[in-house]
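For reference, the chains in residue letters:
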Amino acid sequence: QKEVEQNSGPLSVPEGAIASLNCTYSDRVSQSFFWYRQYSGKSPELIMSIYSNGDKEDGRFTAQLNKASQYVSLLIRDSQPSDSATYLCAGDDMRFGAGTRLTVKP
Amino acid sequence: GAGVSQTPSNKVTEKGKYVELRCDPISGHTALYWYRQSLGQGPEFLIYFQGTGAADDSGLPNDRFFAVRPEGSVSTLKIQRTERGDSAVYLCASRLDQGGTIYFGEGSWLTVV
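Here is a short report on the structure shown in this document. (Residues numbered from 1 in each chain as written. Chains lettered and ligands numbered in written order. Predicted model: local features only at pLDDT ≥ 70, side-chain atom pairs only at ≥ 80, totals over all residues. Heavy atoms only, no water.)

Residue and element names in this part refer to chain A. Strands sit in the order β2-β10-β9-β4-β5 across an open sheet of 5 strands; the sheet is mixed. Edge positions in the sheet fall to β2 (11–14) and β5 (45–50), since each of these pairs with one other strand and no more. The average angle at which neighbouring strand axes cross in this sheet is 25 degrees, direction not considered. When β2 meets strand β10 (residues 100–105), the two strands line up parallel, connected through 4 bridges. (Pairing = 2+ DSSP bridges. Helix = DSSP H or I, 4+ residues; strand = E, 2+ residues; numbered from the N terminus. Axes fitted to C-alpha atoms, helices over the stretch in contact; angles between N-to-C directions.)

Right, here's the structure in full:
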C-alpha cells in the first residue's frame, strides 16, 4: 500500500515569512507529485506538480523533489494571509496525505 | 461541461436508507476518482475508474459502498444501509490521462441522521 505522510500541523507563520511544507512517500514507483491547496469548505485545487528531481518554481511557490529520499516539499515565500489553507500532497496514484493546515498571521 | 459536476450538493438521509451520489466529469476525461473527506482529514481514496472499469476499488470501506461508470463518463457512488459514520463530503475528480492534473468537483455533503 502506497502511503503519503505529511508533516504534522498545524503550521503558523507570520505574514511575509517562508512557509515550508513537507511530504514523504513510501513507494519508489510514483513519477509525479502534486501539491493541492484546500480552503475551508472548498474542494482542493492544484498548486503545483513536479516530475523531476530538483526544484520547480512558480511565483511565490517552489516545489522540491528528491526521489532518492522519497521526499517532496513546498515552500511558500512571502506568505500572505490568503495562503491560509490546508495543503495536500499526492503521488501519481492520487492518494492524498492527511494535509497540513497553514495559518499566516497578519 | 466546464468542470466536474456533482449532484446533489447536499443530502440529508436517515440511517439505513440508500443513497446515490452522481459525478459528471470534465468532457473527455477518461480517469475518474471518488474520495471521502471527513472534517479535518485529507481526502480518503475510495475508487478509481479508467474508462468504464474500476481500475482500483481498494479504498471502498465495505460492501455497502459501490460505484459504477457504465458508459465511461458519468459515475454514480451508491451507499446502501447508510450509517451515521458515512456522514462526510464525497468528492469526485477527473483527469485526462495518467499522470495529469486531477480536477475536483464541489463535492456532495452527505449527512446521515
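Our next topic: the pattern of salt bridges. Residues and elements named next belong to chain A. By the definition in use, this model includes 9 salt bridges over all chains. Notably, a salt bridge pairs Arg60 with Asp83, separated by 2.8 Å at the nearest N-O pair. With Arg60 in the loop between β6 (54–58) and β7 (61–66) and Asp83 in the loop between β8 (71–76) and β9 (85–91), the pair connects residues that are 23 residues apart, well separated along the chain. Taking relative accessible area as the criterion, Arg60 reaches 27% and is therefore assigned partly exposed. We classify Asp83 as buried; its relative accessible area is 2%. Across the pair Arg95 and Asp93 runs a salt bridge, and its minimum N-O distance is 3.9 Å. Taking relative accessible area as the criterion, Asp93 reaches 17% and is therefore assigned buried. (Salt bridge = Lys/Arg side-chain N within 4 Å of Asp/Glu carboxyl O. Buried < 20%, exposed > 50% of the residue type's maximum accessible area, 1.4 Å probe, protein only.)

The next thing to look at is the nonpolar core. All names here are of chain A. Ranked by internal contacts, the top residues of the largest apolar core, which has 22 residues, are Trp35, Val72, Leu74, Ile76, Tyr87 and Leu102. Mapped onto this core, the elements with two or more residues apiece are β3 (19–25), β4 (33–38), β5, β7, β8, β9 and β10. If one sorts the elements of this core by residue count, β3 sits on top with 4 residues. Beyond its immediate sequence surroundings of up to four residues, Leu102 is in contact with Leu11, Val13, Ala19, Ile76, Asp83, Ser84, Ala85 and Tyr87. (Core = buried A, V, L, I, M, F, W, Y, C linked by side-chain atoms within 4.5 Å. Contact = heavy atoms within 4.5 Å.)

Turning our attention to the packing of aromatic side chains. This structure, assessed with the given rule, holds 10 aromatic pairs over all chains. For the ring pair Phe96(A) and Phe104(B), a centre distance of 5.9 Å and an interplane angle of 50 degrees mean the geometry is tilted. You can see Phe96(A) sitting in the loop between β9 and β10 and its partner Phe104(B) sitting in strand β10 (residues 103–104), one on each of two chains. Each member of the pair, Phe96(A) as well as Phe104(B), is classed as buried. On the numbers, 6.2 Å between centres and 15 degrees between planes, the contact of Tyr33(B) with Tyr35(B) is stacked. Of the residues examined, Tyr33(B) reaches a relative accessible area of 1% and is grouped as buried. (Phe/Tyr/Trp six-rings, centres within 6.5 Å; stacked < 30°, edge-to-face > 60°.)

Residue and element names in this part refer to chain B. Pairing within the open sheet is antiparallel, and its 4 strands lie in the order β1-β3-β8-β7. The sheet is open, and its two edges are formed by β1 (5–7) and β7 (65–68), each paired on a single side. Taking the axes of each pair of neighbouring strands and ignoring which way they run, one obtains an average angle of 15 degrees across the sheet.

How big an interface is tends to be stated in terms of the accessible area lost upon association of its parts. Opposite the 17 residues of chain A that make contact, chain B presents 21 residues. Regarding the contact of chain A and chain B, the summed buried area is about 1,400 Å², with carbon and sulfur atoms giving 51% of it. Together, Ser43(A), Met94(A) and Arg95(A) form the three largest contributors to the area buried by chain A at its contact with chain B, with a combined 35%. Here chain A and chain B share 1 salt bridge between them. Linking Arg95(A) and Asp56(B) is a salt bridge whose minimum nitrogen-to-oxygen distance equals 2.7 Å. Applying the counting criterion to the chain A and chain B interface returns 8 residue pairs in polar contact (both at pLDDT 80 or more). Sorting elements by how many residues they give to the side of chain A that touches chain B places β4(A) first, with 3 residues. Considered class by class, the residues forming the side of chain A that touches chain B number 9 nonpolar, 5 polar and 3 charged. (Buried area = accessible area lost by both parts, 1.4 Å probe. Polar contact = N/O pair within 3.5 Å; in protein donor to acceptor, adjacent residues only side chain to side chain. Nonpolar A, V, L, I, M, F, W, Y, C, P; charged D, E, K, R; others polar.)

Bringing the state of the cysteines into the picture now. Such a bond, covalent and formed between the sulfur atoms of two cysteines, is termed a disulfide. Following the criterion strictly, the structure yields 2 disulfides over all chains and no others. There is a disulfide in this structure between Cys23(A) and Cys89(A), and the S-S distance comes to 1.9 Å. On the sign convention where negative is left-handed, the bridge of Cys23(A) and Cys89(A), at about 65 degrees about the S-S bond, is right-handed. Pair noted here: Cys23(A) is in strand β3 and Cys89(A) is in strand β9, with a separation of 66 residues, a long-range link. Cys23(A) sits in the buried class, given a relative accessible area of 2%. Under the relative-accessibility criterion, Cys89(A) is labelled buried at 1%. Here Cys23(B) engages in a disulfide with Cys92(B); their sulfurs sit 1.9 Å apart. In this structure, the disulfide formed by Cys23(B) and Cys92(B) twists by about -70 degrees around the S-S bond and is classed as left-handed. One end of the pair, Cys23(B), is in strand β3 (residues 19–24); the other, Cys92(B), is in strand β9 (residues 88–95), with 69 residues separating them in the sequence. (Disulfide = S-S within 2.5 Å.)

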